[in-house]
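# Per-entry structural report
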Amino acid sequence: MSDPTSSPLRVLIAGGGTGGHVFPAVAIRQAIAVREPNAKVLFVGTRSGIEARLIPQMGEALQTIWISGLSRSRPLQNLLLPLKVIISL
């Protein structure tokens, strides 16, 4: 537990796309809330993943970024990856 007179803990949680990434992130958020009730948490994900719907429904802040995984079926789409990384950063 932190000193109540200090600044609140600030946490950035990134992950998304599927429930296999989002639900563990939510579990981490819940564990943080137990230990640090005043913590400020920001989730980062995409507009198209499950996080875009789930995280706001939980009342949590979500910042979306333009990113995607590598495409094995459409390798030409991977040409955009460097641009997406630069813009997302």
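Anyway, here's the lowdown on the structure attached to this text. (Residues numbered from 1 in each chain as written. Predicted model: local features only at pLDDT ≥ 70, side-chain atom pairs only at ≥ 80, totals over all residues. Heavy atoms only, no water.)

## Overview of the pairing of strand 1 (residues 10–14)
Note that strand 1 and strand 2 (residues 40–45) share five bridges and pair parallel. Paired with Leu12 across the two strands is Leu42, which belongs to strand 2. Regarding topology, helix 1 (residues 19–35) serves as the crossover connection from strand 1 to the parallel strand 2, and that connection is right-handed. (Pairing = 2+ DSSP bridges. Helix = DSSP H or I, 4+ residues; strand = E, 2+ residues; numbered from the N terminus. Right-handed = clockwise from strand over helix to strand, strands pointing away.)

## Examining the side chain of Lys84
Looking at the secondary structure, you find Lys84 in helix 3 (residues 81–88). Although Lys84 is buried, it forms no salt bridge, and the closest oppositely charged side chain is Glu51 at an N-O distance of 12 Å. Here Ser68 takes part through its side chain, which lies 2.7 Å from a polar atom of the side chain of Lys84. Ignoring anything within four residues of it in the chain, the contact list for Lys84 reads Trp66, Ile67 and Ser68. (Buried < 20%, exposed > 50% of the residue type's maximum accessible area, 1.4 Å probe, protein only. Lys, Arg positive; Asp, Glu negative; His and termini not counted. Salt bridge = Lys/Arg side-chain N within 4 Å of Asp/Glu carboxyl O. Polar contact = N/O pair within 3.5 Å; in protein donor to acceptor, adjacent residues only side chain to side chain. Contact = heavy atoms within 4.5 Å.)

## Some remarks on the sheet that holds strand 2
Spatial strand order, 1-2-3: three strands in an open sheet with parallel pairing. The open sheet has two edge strands with one neighbour each: strand 1 and strand 3 (61–64). Going from strand to strand, the sheet's axes swing by 25° on average, the running direction of each strand aside. Across the sheet, helix 1 is in contact with strand 1 and strand 2; its angle to strand 2 comes to roughly 175°. (Axes fitted to C-alpha atoms, helices over the stretch in contact; angles between N-to-C directions.)

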